[in-house]
Amino acid sequence: MREALEMKYRSLYGCHFHAETNITITPGATYAIYTALATIIETGDEVIVLEPAYDSYIPNIIVQGGIPVCVPLIAPTFAVDWQKVNEAVTSRTKAIIMNTPHNPGGYVWTKEDMLELKKIVQRKQIYLISDEVYEHLTFDGRKHESVLAYPELYANAFVIYSFGKVFHATGWKMGYCIAPDGLSNEFRKMHQFLSFSCNTPMQYALAEYLKHPEPYLQLPDFYEAKRDFFMALIRDLPFTVHESSRGTYFQTLGYDKISSLGDKEFAAWLTREIGVACIPFSAFYQSGKDDHLVRFCFAKKEETLIQAASRLKKLNAFL
Ligand SMILES: Cc1ncc(COP(=O)(O)O)c(C=O)c1O
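### Observations concerning the sheet that holds strand β3 (residues 67-72)
Hydrogen bonds between backbone groups are what pair the strands of a sheet, and the pairing can be parallel or antiparallel. Ordered by their spatial adjacency, seven strands build an open sheet running β1-β7-β6-β5-β4-β2-β3, and the pairing between neighbours is mixed. Both edges of this open sheet fall to β1 (23-26) and β3, since each of them pairs with a single strand only. For this sheet, the mean angle separating the axes of adjacent strands, direction not counted, is 20°. Direction of pairing for strand β5 (residues 127-131) relative to strand β6 (residues 157-162): parallel, over a ladder of four bridges. Bridging across to β6, Leu 128 finds its partner in Ala 157. Lying on the sheet, helix α3 (residues 29-40) is in contact with β1, β2 (46-51), β4 (93-99), β5, β6 and β7 (175-178); it crosses β6 at an angle near 165°.

### Some points on the site of the ligand
Around the ligand, the surrounding shell consists of Gly 28, Ala 29, Thr 30, Tyr 54, Asn 99, Asn 103, Asp 131, Val 133, Tyr 134, Ser 162, Lys 165 and Lys 173. Take Tyr 134: an N or O atom from its side chain is 2.7 Å from an oxygen atom of the ligand. Lys 173 places a side-chain nitrogen or oxygen 2.6 Å from an oxygen atom of the ligand. Contact with the protein chains removes 91% of the 400 Å² of surface that the ligand exposes when unbound. Here the residues of the shell around the ligand are counted per class, giving four nonpolar, five polar and three charged.

### Points about the sheet that holds strand β8 (residues 250-254)
Spatially, β8-β10-β9 is the arrangement adopted by the three strands of the open sheet, whose pairing is antiparallel. A single partner strand is all that each edge strand has here, and the edge strands are β8 and β9 (279-280).

### Quick word on the nonpolar core
Membership of the largest hydrophobic core comes to 106 residues, with the highest contact counts inside it found for Phe 158 and Phe 239. Considering every element that reaches this core, the biggest residue donor is α3, with six residues. Residue-level mapping places this core at the junction of two domains, with at least three residues from each of domain 1 (2-213) and domain 2 (218-318).

### Section: unusual backbone geometry
The step from Glu 51 to Pro 52 runs through a cis peptide bond, and the omega angle for that step is 5°. Within the fold, Pro 52 resides in the loop between β2 and α4 (57-63). The amide bond that connects Asn 103 to the next residue, Pro 104, takes the cis arrangement and shows omega of 15°. At His 168, a position not held by glycine, the phi torsion is positive, near 50°. Note on placement: His 168 falls in the loop between α8 (163-166) and β7. Under the relative-accessibility criterion, His 168 is labelled partly exposed at 48%. The backbone of Phe 196 shows a phi angle near 70°, a positive value even though the residue is not glycine.

### Looking at the packing of helix α12 (residues 219-234) against helix α14 (residues 302-312)
Contact pair α12 / α14: the axes reach a minimum separation of 10 Å and the direction vectors enclose 20°. Classified by the angle their axes make, α12 and α14 are roughly parallel. Both α12 and α14 take part in a crossing whose hand is right-handed. Contact residues: α12 offers Lys 226, Phe 229, Phe 230 and Leu 233, while α14 offers Glu 302, Leu 305, Ile 306 and Ala 309.

### Describing helix α9 (residues 181-192)
If you check α9, its first and last C-alpha atoms are 16 Å apart, about what twelve residues at 1.5 Å a residue would give, namely 16 Å. Buried-residue contacts for α9 involve α2 (19-22), β1, α3, β5, β6 and β7.

### Concerning the environment of Phe 281
Considering the arrangement of structural elements, one finds Phe 281 in the loop between β9 and β10 (293-297). Relative accessible area serves as the criterion here: at 2%, Phe 281 is assigned to the buried category. Separated by 229 residues in the primary sequence, Phe 281 and Pro 52 place their C-alpha atoms 7.1 Å from one another.

### What about the packing of aromatic side chains?
Under the defined criterion, the tally for this structure stands at 25 aromatic pairs. Their ring planes at 40° and their centres at 6.3 Å tell us that Phe 17 and Tyr 154 sit as a pair that is tilted. Of this pair, Phe 17 sits in the loop between α1 (2-13) and α2 while Tyr 154 sits in helix α7 (residues 151-154), and the two are 137 residues apart along the sequence. For the pair formed by Phe 17 and Tyr 154, the shared burial category is buried. Considering the side-chain rings of Phe 78 and Phe 281, the 5.0 Å spacing of their centres and the 10° angle between planes classify their relative orientation as stacked. Separated by 203 residues along the polypeptide, Phe 78 in the loop between β3 and α5 (82-88) and Phe 281 in the loop between β9 and β10 bring together distant segments of the chain. Residues Phe 78 and Phe 281 agree in their burial class; the two are buried. Aromatic rings pair up to connect Tyr 9, Tyr 13, Phe 17, Tyr 154, Tyr 161, Phe 163, Phe 167, Tyr 176 and Tyr 209 into one cluster.

What counts as what
- Residues numbered from 1 in each chain as written.
- Predicted model: local features only at pLDDT ≥ 70, side-chain atom pairs only at ≥ 80, totals over all residues.
- Heavy atoms only, no water.
- Pairing = 2+ DSSP bridges.
- Helix = DSSP H or I, 4+ residues; strand = E, 2+ residues; numbered from the N terminus.
- Axes fitted to C-alpha atoms, helices over the stretch in contact; angles between N-to-C directions.
- Contact = heavy atoms within 4.5 Å.
- Near = heavy atom within 4 Å.
- Polar contact = N/O pair within 3.5 Å; in protein donor to acceptor, adjacent residues only side chain to side chain.
- Areas by Shrake-Rupley, 256 points an atom, 1.4 Å probe, with all protein chains shown as cover.
- Nonpolar A, V, L, I, M, F, W, Y, C, P; charged D, E, K, R; others polar.
- Core = buried A, V, L, I, M, F, W, Y, C linked by side-chain atoms within 4.5 Å.
- Buried < 20%, exposed > 50% of the residue type's maximum accessible area, 1.4 Å probe, protein only.
- Domains from an automatic or database assignment.
- Parallel < 35°, antiparallel > 145°, perpendicular 65-115°, else oblique.
- Left-handed = near helix turned anticlockwise from the far one by under 90°.
- Expected span 1.5 Å × (residues − 1).
- Phe/Tyr/Trp six-rings, centres within 6.5 Å; stacked < 30°, edge-to-face > 60°.

Quick look at the structure:
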């Protein structure tokens, strides 16, 4: 499977790393993120986390004795505030965790974002943990900017992926970490005593499937169609749409026209009374910051999306 992955990334980004020395197969991306953090953090090290953030990052830092330094992204698009990121860098900064395309906000980093990051790592040696699990889920012609395509960034990076998103196999827990020789070596010392190895039959099966690039190359169109289908269904509903999702399979919606409840209470109420579940954004902030935004997932069958929209129509009665 490592050889198949080497071929995949060579054809995608023209990058030159080696199956043997640079790719480590892991039981999922969440595990790979934990292992990368455990590899580099010493007590008191600061790690910059851009919030809202995938929920494992902060507990993973704390359990290693590190200090999460949270920098807010710019709601409601969740673009990166580079001035704030720069201000957060101190002499104790060990790493930055980045995630593009971004869960939960659906923002997709641009080339300019990568160049801003490059300026920071040129100024100070910082490790990057780049969570790229939604690598193929970008819409409206946007291109995924991978750390693998920027040698100056890759030099100090753990770049992390998951088959959960790429092959619709969440729960199978198969992922991988790509890193330069020295970092891969250290990562594997940690991996040795965490899971030691990964499901071999699954690796043969995924290697076989990876020979065909069409399924992952068609993913942007597949999910863009689902996003558009979902957006058309909710057009006449009283949510505020700041913009259509740029990537991932999540859509951010505002609910100020419907309710003045806090986002957690609103999400619980919507699930209980209307029968459609969403996730409150405050759950992705250490501070519980509440911008009255919720995240809907459109990675569903069309009939499920239609049923959800028909239940959500009841919201018009609350206006
Ligand atoms: C940003 C992000 N990173 C990592 C993961 C987890 O990937 P895996 O299932 O391979 O652990 C997810 C899954 O929701 C995610 O959204």
